[in-house]
Amino acid sequence: AHTDSRLQLLSASVLSDKDVVVIRSSSGRLPELLEVAEKVRERGAKIIAIAASHSPLIRKADVALIVDHVEDVTTHLPMVSRILHLLVIDMLAVGVAMGRNPGTAGLMSGEADERLDEATPVSKKPAARNQAPGVSLASPLAKLTSHSR
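What you see is a predicted model; the values in this text were computed from it and never measured.

A. Broad picture of the pattern of salt bridges. All told, the structure shown has 4 salt bridges when counted by the stated rule. Taking the shortest distance from any N to any O, the salt bridge between Lys-60 and Glu-38 comes out at 2.5 Å. Pair noted here: Lys-60 is in helix 3 (residues 56-60) and Glu-38 is in helix 2 (residues 31-42), with a separation of 22 residues, a long-range link. What makes Lys-60 partly exposed here is its relative accessible area of 22%. By relative accessible area, which is 34% here, Glu-38 ends up partly exposed. A salt bridge links Lys-39 to Glu-42, with the shortest nitrogen-to-oxygen separation between them at 3.8 Å. In this pair, Lys-39 and Glu-42 are both assigned in helix 2, 3 residues apart and thus about one turn of the helix distant. Among the residues examined, Glu-42 registers a relative accessible area of 59% and is labelled exposed.

B. How the structure looks around the environment of Ser-11. Tracing the chain through its elements places Ser-11 in helix 1 (residues 5-12). Given a relative accessible area of 27%, Ser-11 falls into the partly exposed group. Spatially, the C-alpha atoms of Ser-11 and Val-40 are 9.1 Å apart, while their sequence positions differ by 29 residues. At 3.1 Å, the side chain of Ser-11 forms a polar contact with the side chain of His-2.

Definitions and cut-offs
- Residues numbered from 1 in each chain as written.
- Predicted model: local features only at pLDDT ≥ 70, side-chain atom pairs only at ≥ 80, totals over all residues.
- Heavy atoms only, no water.
- Salt bridge = Lys/Arg side-chain N within 4 Å of Asp/Glu carboxyl O.
- Helix = DSSP H or I, 4+ residues; strand = E, 2+ residues; numbered from the N terminus.
- Buried < 20%, exposed > 50% of the residue type's maximum accessible area, 1.4 Å probe, protein only.
- Polar contact = N/O pair within 3.5 Å; in protein donor to acceptor, adjacent residues only side chain to side chain.

Purely geometric stuff here, so don't read any function into it on its own.
This is the structure we're talking about:
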């Protein structure tokens, strides 16, 4: 992933119709990103955009993953949008990993290995993955995400 708009344009110029580009933007209105999206379209690649619903970037996308939210404008740090966008990217990554390895489809119903849970249960309660959101190390899905190791 490139954060420099010149590198993004250079990368977009070598794409083909077999490529897919994910473009993420809180506002979806940055001229540099819109220029990259245009170049991606010219090359025939597909665009997955993660942005606000009424943004120009969403209108240029082949697949729109809309993340509308209310941000506290007094802080100048778009934390809510960053967290929401990271969540969407994590869901995409797990979906791609499961799609590339059809054998992982059964992992959702697998049993947790309680020895891998980080917290020691006080009583004989179910494993941590049944109590809190996220991917526990005990979950079979933990094998799909590098950040859960």
